[in-house]
Amino acid sequence: MSAKKERKNSKTAINILAYLVLIAGGVAFLYPFVWMISASLKSLEEIAVSGMNLWPGEWRWDNYVKALTSFPFGRYLINTLLTTIFPIIGTVLSCSLVGYAFARFKVKGSGILFLLVLSTMLLPGEVTMIPQFILFKNLGMLDSLYPLIVPAFFGSPFYIFLFRQFYSRLPVGLEEAAIIDGCGYFKIWRVIFLPLSKPALIGVGVMVFMGSWNNFMGPLIYINSDKWKTLTLGLAGFQGTFATSTNLLMAAAVVITLPCIILFFAAQKAFMEGLTFSGSKEN
Amino acid sequence: MNGIIEQIYNMFEMMGMPAALLPLLPFLSIIAVLYVIIFAVARILVKKKIVHIRSASFYLFISPWIIGFLLFTIGPMIFSFYISFTNWEVVSDPKWIGTGNYQMLFKDTMFYKSLAVTFYYTLVSVPLQVVLSLAIALLMNLKLKGIYLFRTIYYLPTLVQGVAQMVLFLWIFNPNVGLVNSILGVFGIEGPTWFSSPDWAMPAVIIMSLWTVGGNMIIYLAGLSDVPTSLYEAAEIDGATTARKVWHVTLPQISPILFFNGVTSMIGAFQTFTQGFLNNGGPDNSLLFYAYYLYQNAFMWFKMGYGSALAWVLFIIILLFTVLVFRGSALWVYYETEQYGGKKRHVRKKRA
């Protein structure tokens, strides 16, 4: 009996210790985040003297106005949205179709082709970066949003893999009735599989959103003119020209982060599932 | 622009297409023509019973990926391999120089510097990230109350975009008014100048990378919850302490996840770019990350040949490291197949 009690006591002790460590760590993790928001609302003078104090003495909401009017925010936002929404549509459609084919059609060559899909998953983007640039140059697509949109419509190995896994788990009899009814394979995908894969669609959609919204290197390489710049480029340029205006810089950083935070709280489940499914993250 | 593409482009321009669509239209028409041909050929093959309708459908459905693979992956790889043996500054035609670029590479001190910077970052930050995220995940796995709140808090930083992160941490590590040096000041320590110091810029970037371990943590947490409780119960009956349970049950069980995640983190670390770019390579090139040096060569100085050679060297380094890690993994990664002699590894529980 006493051994059991002892064990219970030690368990409580461990739990208390765990709480303390988690709280201390949580403060450390949250602090920079909150500091970013707090600095975005302070005056420059206040930031210089406030040290670790987070609460703004005077709430300077006009920092946001100043930050967003110091570069063509509206234009950049539209460009960012365009390079986010179209890749989501393209990726979801192409990868779901290709994933469906790999999951439900066991024909000659399908196994080896799927291996090929898997093997390109870990390929570093640097190897194809330069020739892709040349390709888009030859296609006359430089300094436009198309290089950031077009590839999404041709599938991406990781999301193909996700959809294939999802469709493989669906019952075998699913399409049989439809085939007897004379339904074509494409229609089966469109009418049965696509609607059934809502969780996967949302999960992949969220991941593509995060990747595209936060994409920096792509726009950096392909876009020169202000007309087509995205928010990440805007923020980087802002850092260059307003390096000393911390408050404005933080305001811009908060604005660019906000949609991701909102999306995270709106689709937390999709986030977590996508993440645990992937076991990898995209930066 | 390519000659044929330009002709199509001009044609559409004369037709009065909107300017914003013009760059897309030539490509779109080529793809459209391609698909007309593909469909026609598929139809004939199926009608003549050379190919079964099932096979034809399969290949039609995966055709977007096949085209994408040829156009954006394997084609560029072959092309990149070719131009790595040429001298090419975009405006002129590529000039074959054999292994010239690779020879130049071995004499290039900046190449060695960028390699050293990238290795420093990868070899220090990736193990730290793995250990830290695993430690947090283990704590969270104690089934404490309010764990959802903690989970959210630790995950939040990963939502901050890379450029915004860098901008934020430049101020957190500000030598005079920054958070880190303020805290150090409380303890009477005069902090270093971080991003302005050749010695301290990299530690600052490494610390910054630890801020976003929340993503890994979630992955480990999911792995931990999949460990069968029967194993813990068995260990408990044998009188195992918490520490021994972690060492003998938890770690072996989640080692495949640790391994896979370690590999992807490593590949990601080798490709670090933003931190180098936004600091212009850092003081004394202390943040001259390989990917940034590659970018400089290819897109600032337009040395496409040399840039491609750099890309291939990076590819080979990553490949070697991955193979090395895979080889080493046999020593510590535990797969259930080994235990049950050929029986299939149990499939993860279905999630509806």
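Residues numbered from 1 in each chain as written. Chains lettered and ligands numbered in written order. Predicted model: local features only at pLDDT ≥ 70, side-chain atom pairs only at ≥ 80, totals over all residues. Heavy atoms only, no water.

1. Let's talk about the domain arrangement of chain B
Residues and elements named next belong to chain B. The domains assigned to chain B are domain 1 (2–83) and domain 2 (109–343). Taking only C-alpha atoms, the centre of domain 1 and the centre of domain 2 are 40 Å apart. Domain 1 puts four residues into the contact, and the matching count from domain 2 is four residues. Regarding the contact of domain 1 and domain 2, the summed buried area is about 390 Å², with carbon and sulfur atoms giving 66% of it. In terms of surface lost to domain 2, no three residues of domain 1 exceed Met-77, Ser-80 and Ile-83, which account for 82% of the buried area on that side. (Domains from an automatic or database assignment. Contact = heavy atoms within 4.5 Å. Buried area = accessible area lost by both parts, 1.4 Å probe.)

2. Re the nonpolar core
With 159 residues, the main nonpolar core has Phe-111, Met-140, Leu-159, Phe-195, Phe-273, Phe-299 and Met-304 of chain B as its most contacted residues. Looking at this core element by element, the count peaks at 12 residues for helix H14 (residues 246–266) of chain A. Every residue in contact with Leu-159 of chain B, bar those within four places of it in the chain, is listed here: Met-210, Thr-257, Cys-260, Ile-261, Phe-264 and Phe-271 of chain A. Grouped together as the second largest cluster of nonpolar side chains are 38 residues, Leu-97, Phe-102, Tyr-185 and Trp-189 of chain A included. (Core = buried A, V, L, I, M, F, W, Y, C linked by side-chain atoms within 4.5 Å. Buried < 20%, exposed > 50% of the residue type's maximum accessible area, 1.4 Å probe, protein only. Helix = DSSP H or I, 4+ residues; strand = E, 2+ residues; numbered from the N terminus.)

3. Topic: helix H3 (residues 62–69) of chain A
Residue and element names in this part refer to chain A. Three or more residues of H3 are buried, namely Asn-63, Tyr-64 and Ala-67. In an axial view of H3, the angular spread of the buried residues amounts to 95°, which keeps them on one side of the axis. Set apart from the buried face of H3 by more than 90 degrees, the exposed residues are Val-65 and Thr-69. (Arc of directions from axis to C-beta.)

4. Quick word on the pattern of salt bridges
Taken as a whole, this structure holds five salt bridges over all chains when the rule is applied. Taking the shortest distance from any N to any O, the salt bridge between Asp-62 of chain A and Lys-66 of chain A comes out at 3.9 Å. Of this pair, Asp-62 of chain A and Lys-66 of chain A both sit in helix H3, separated by four residues, roughly a single helical turn. Asp-62 of chain A gets classed as partly exposed once you look at its relative accessible area, which sits at 33%. Relative accessible area serves as the criterion here: at 42%, Lys-66 of chain A is assigned to the partly exposed category. Of the charged contacts in the structure, one is a salt bridge between Glu-236 of chain B and Lys-245 of chain B, with a shortest N-O distance of 2.7 Å. Overall, the relative accessible area of 36% leaves Glu-236 of chain B in the partly exposed class. The class of Lys-245 of chain B is buried, set by a relative accessible area of 15%. Salt bridges sharing partners connect three or more residues here, namely Arg-60, Asp-62 and Lys-66 of chain A. (Salt bridge = Lys/Arg side-chain N within 4 Å of Asp/Glu carboxyl O.)

5. Focus: the packing of helix H14 (residues 290–300) of chain B against helix H15 (residues 304–329) of chain B
Any two packed helices are characterised by how steeply their axes cross, that is the angle between the axes, and by the distance between the axes. Residue and element names in this part refer to chain B. Two elements in contact, H14 and H15, have axes separated by 7 Å at closest approach and are oriented at 160°. As summarised for this structure, H14 and H15 are arranged roughly antiparallel, according to the angle between their axes. As H14 packs across H15, the resulting crossing turns out to be left-handed. Side by side, H14 and H15 meet where Tyr-290, Tyr-293, Leu-294, Asn-297, Ala-298 and Phe-299 of the first sit next to Met-304, Tyr-306, Gly-307, Leu-310, Ala-311, Val-313 and Leu-314 of the second. (Axes fitted to C-alpha atoms, helices over the stretch in contact; angles between N-to-C directions. Parallel < 35°, antiparallel > 145°, perpendicular 65-115°, else oblique. Left-handed = near helix turned anticlockwise from the far one by under 90°.)

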